[in-house]
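Given next are the chains, with one letter for each unit.
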Amino acid sequence: MKVPFLDLKRWDEELKDALKTKFNLILENGVFSGGEEVKNLEAKVSTYLNSPFTVSCANGTDALELALRALEIGLGDEVIVPAMTWVSTAEAVLIVGATPVFWDTDEDGLLAADWECAITARTKAVIPVHLYGKMVDMDALVIKAEANKIHIIEDAAQSFGAFQNGKAAGTFGDVGCLSFYPTKNLGALGEAGMCLTSSTCLAERMKMLVNHGQLVRDEHQLIGRNSRIDTIQAGFLDVFLGRFEHQQILRRRFAGYYLTSLSKVEEIRLPQGTLEPDHNTHLFVIQIERRDELKDFLFQKGIVTVIHYPSILPDLKPYSSIGNFEKARKISKQGLSLPLNPWMRKGEIDYVVKAIQDFFL
Ligand SMILES: Cc1ncc(COP(=O)(O)O)c(C=O)c1O
């Protein structure tokens, strides 16, 4: 048996037909940038996540950059970033001219609770990343950020659909950043992203920054850029959004099978809180000392796993930084993402579990 990590060709015919219908509609309408599809998507996400303002953009990395620029963070400013995250979180900080100050994570890969020790007179913001879909304790983080008068930009790229005490990931901070990269729980058929905010002023600034500094055509008030979402991606995302909750049920079901079946394997640390509402089961990351051996063993059996991520950012040349990143580094050495997506079959989960059990025989 072959178990891919994620096979986006497996969509059912009904979904494919809905996407084709949407494509035909957009083709008929002849509007390929902006327009009703974009407004509709922004309104639907705004309602679903209960975020007063939503500003769509070209991708999740741009969303982070737009948030930083809207908050006027730049040269000479410091931004606290977890040592373990996808590169975009720190990349966006450097792109705007600010300095990422890395801090260690906890055992789940989330910014460690003592992050406020990294605050200096130059700190302007902190970026909690809801890594693998699991949310940082936002109430605690907001209290500390407010006490120290620093902004919060939530990197919710991996956590669409996670809610902490009923409040959506991305709606706790000044700005929340979403990615609709195709492999995300809500993914486009290409690149797309979005900023969430409850501030009228930030929403307006981000809308301008996305579109060459203008709100009204030819009235350029800021130096912006072109980071507009494609109309066609907004349309496709509308189709996926309609199926999102059903797909979440399937993800949770498969994650539940893994949790039950692997609970007796002592050598494995299972992901925590995966089935809680503040986790969207984006990735199922186990931790094991003999990670590379297990990865190779599973590959021999036709099972594809992925490492998120093999290096912590401060160990990479462009982000090189010294500090105590022990827990984040441990995850980079021991973390292994097992296949988990709504298009899997129960037999595949059983096969992966059996292969892992065989590894320990
Ligand atoms: C944690 C995190 N931040 C930011 C991004 C950037 O999103 P995008 O790939 O849409 O630019 C991603 C997506 O890969 C991500 O996982």
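Refer to the structure printed above.
Note that the structure is a prediction, hence the values are computed from the model and not measured.

(A) The arrangement of the overall build of the protein in detail. Across its full length, the protein holds 10 helices and 11 strands. Its C-alpha atoms give the protein a radius of gyration of 21 Å, near enough to 21 Å, the size a compact globule of 361 residues would have. Counting only C-alpha atoms, the protein reaches 70 × 55 × 35 Å along its principal axes. Looking at the protein residue by residue over its 361 residues, the buried ones come to 56%. Counting only contacts in the protein whose residues sit at least 6 apart along the sequence, the fraction spanning at least 24 positions is 70%. Put simply, the protein shows about 16,100 Å² of open surface, and 53% of that area lies on carbon and sulfur atoms.

(B) Region of the structure containing the pairing of strand β10 (residues 284-287). Burial of β10 is two-sided: the residues F284 and I286 facing one way and the residues V285 and Q287 facing the other way are all buried. Strand direction decides the pairing type here: β10 and strand β11 (residues 335-338), joined by 4 bridges, are antiparallel. Residue pairing in the sheet places I286 in a bridge with L336 of β11.

(C) Structural view of the packing of aromatic side chains. Under the defined criterion, the tally for this structure stands at 12 aromatic pairs. Taken together through their ring pairs, the aromatic side chains of Y48, F160, F163, F180 and F244 make up a single cluster. Sitting above the plane of the F172 ring, K167 keeps its charged end 5.1 Å from the centroid. Here the guanidinium or amino end of K346 rests over the ring plane of Y257, the centre of that ring lying 4.6 Å away.

(D) The arrangement of the pairing of strand β2 (residues 78-82) in detail. Burial within β2 is extensive, with 5 of its 5 residues counted as buried. Alignment of β2 against strand β3 (residues 99-103), held across 5 bridges, turns out to be parallel. Looking across to β3, one finds that I80 is bridged to V101. Note that the unit made of β2, helix α4 (residues 88-95) and β3 has a crossover that is right-handed. Across 3 bridges, β2 lies against strand β4 (residues 123-126) in parallel orientation. What sits directly across from V79, in β4, is A125.

(E) Fine view of the nonpolar core. The biggest cluster of nonpolar side chains holds 87 residues, and the ones touching the most others in it are V45, V79, F160, L178 and F180. Looking at which domains feed residues into this core, each of domain 1 (8-238) and domain 2 (244-359) gives three or more. If we skip the residues at most four places from it in the chain, L178 touches V45, L49, G60, A63, A156, A157, F160, G193, M194 and L196. Counting residues in hydrophobic clusters, the runner-up holds 27 residues, among them V3, I349, V353 and I356.

(F) Spotlight on the site of the ligand. In the vicinity of the ligand, 13 residues are found, and the nearest of them are G60, T61, D155, S179 and K184. A distance of 2.8 Å separates an oxygen atom of the ligand from a polar side-chain atom of Q158. Sort the elements by how many residues they give to the shell around the ligand and helix α3 (residues 60-70) lands first, with 3 residues. Split by residue class, the shell around the ligand holds 4 nonpolar, 7 polar and 2 charged.

(G) Looking closely at the side chain of T171. Along the chain, T171 turns up in the loop between β7 (167-168) and β8 (175-179). Since its relative accessible area comes to 14%, T171 is described here as buried. One polar contact links the side chain of T171 to the main-chain carbonyl oxygen of A168, over a distance of 2.6 Å.

(H) Main features of the sheet that holds β4. Pairing in this open sheet of 7 strands is mixed, and the strands run β1-β9-β8-β5-β4-β2-β3 from one edge to the other. The sheet is open, and its two borders are formed by β1 (53-57) and β3, each paired with just one other strand. On average, each strand axis in the sheet is inclined to that of its neighbour by 25°, with strand direction left out of account. Inspection of the sheet shows β1 paired to strand β9 (residues 193-197) by 5 bridges, in the antiparallel sense.

Here is what the cut-offs are and how they apply
Residues numbered from 1 in each chain as written. Predicted model: local features only at pLDDT ≥ 70, side-chain atom pairs only at ≥ 80, totals over all residues. Heavy atoms only, no water. Helix = DSSP H or I, 4+ residues; strand = E, 2+ residues; numbered from the N terminus. Rg over C-alpha atoms; globule rule 2.2 N^0.38 Å. Buried < 20%, exposed > 50% of the residue type's maximum accessible area, 1.4 Å probe, protein only. Contact = heavy atoms within 4.5 Å. Areas by Shrake-Rupley, 256 points an atom, 1.4 Å probe, with all protein chains shown as cover. Pairing = 2+ DSSP bridges. Phe/Tyr/Trp six-rings, centres within 6.5 Å; stacked < 30°, edge-to-face > 60°. Lys NZ or Arg CZ within 6 Å of the ring centre and 35° of its normal. Right-handed = clockwise from strand over helix to strand, strands pointing away. Core = buried A, V, L, I, M, F, W, Y, C linked by side-chain atoms within 4.5 Å. Domains from an automatic or database assignment. Near = heavy atom within 4 Å. Polar contact = N/O pair within 3.5 Å; in protein donor to acceptor, adjacent residues only side chain to side chain. Nonpolar A, V, L, I, M, F, W, Y, C, P; charged D, E, K, R; others polar. Axes fitted to C-alpha atoms, helices over the stretch in contact; angles between N-to-C directions.

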